[in-house]
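# Summary of the model geometry
Chain residues, written in single-letter form:
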Amino acid sequence: MDCLFCKIIAGEIPSAKVYEDEFVYAFKDIQPIAPVHYLFVPKEHICCAKKITAENSGSVAKIFESIAKVAADENIESYRVINNCGEDAGQSVMHLHFHLLAGKKMGWGEQSLG
Ligand code: AMP
Ligand code: ZN
């Protein structure tokens, strides 16, 4: 499958790994918009949040567990988790991923979403 994040998980494309377990791979975003900007992806290919089901939602739970673990390990007290689903929301890579943003004061509302 021609999927950028599947290739990153497989090690075919380099990435700056921050966490890995049986279900989850996490790495630094190549174009960070905050001092901490990591991407958490399920190892299983799921295109987007629309395709989360009872069968695969365990991967999503594992992602949130791993986010809590990485945040604790790196003493990140406050953070934002974002998932963009679909074109209008700005999803550019069609492999489910969650952005972990931290390290700066973040606004809320239309302006802060770029
Ligand atoms: P989204 O726009 O929500 O689909 O997020 C995709 C993210 O993937 C963007 O923030 C990109 O900067 C990031 N990205 C794209 N290619 C790479 C790469 N090779 N390594 C790390 N991050 C990437
Ligand atoms: Zn994929």
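Everything discussed here concerns the structure shown above.
Cut-offs and rules
Residues numbered from 1 in each chain as written. Chains lettered and ligands numbered in written order. Predicted model: local features only at pLDDT ≥ 70, side-chain atom pairs only at ≥ 80, totals over all residues. Heavy atoms only, no water. Donors = N, O, S within 2.8 Å, 3.2 Å for Na, K, Ca; no water. Tetrahedral: all angles 85-135°; square planar, octahedral: opposite > 155°, others 65-115°. Helix = DSSP H or I, 4+ residues; strand = E, 2+ residues; numbered from the N terminus. Buried < 20%, exposed > 50% of the residue type's maximum accessible area, 1.4 Å probe, protein only. Salt bridge = Lys/Arg side-chain N within 4 Å of Asp/Glu carboxyl O.

### A word on the coordination of the zinc ion (ligand 2)
Every protein donor of the zinc ion (ligand 2) is accounted for by C3 (SG), C6 (SG), H45 (ND1) and H95 (ND1), and the metal-donor separations fall at 2.0 to 2.3 Å. Given four donor atoms and angles of 104 to 115° at the metal, the environment of the zinc ion (ligand 2) is assigned as tetrahedral. Written as a sequence motif, the donor arrangement for the zinc ion (ligand 2) is C-x2-C-x38-H-x49-H. With C3 in the segment before α1 (4-9) and H45 in the loop between β3 (36-42) and α2 (57-73), this residue pair connects regions lying 42 residues apart in the sequence. Taking the relative accessible area as the measure of exposure, C3 reaches 5% and is therefore buried. We classify H45 as partly exposed; its relative accessible area is 30%.

### Details of the pattern of salt bridges
Counted according to the given criterion, the structure contains five salt bridges. We note a salt bridge from K17 to E20, for which the minimum N-O separation is 2.8 Å. K43 is paired through a salt bridge with E20; the nearest N and O atoms lie 2.8 Å apart. Of this pair, K43 sits in the loop between β3 and α2 while E20 sits in strand β1 (residues 17-20), placing them 23 residues apart in sequence.

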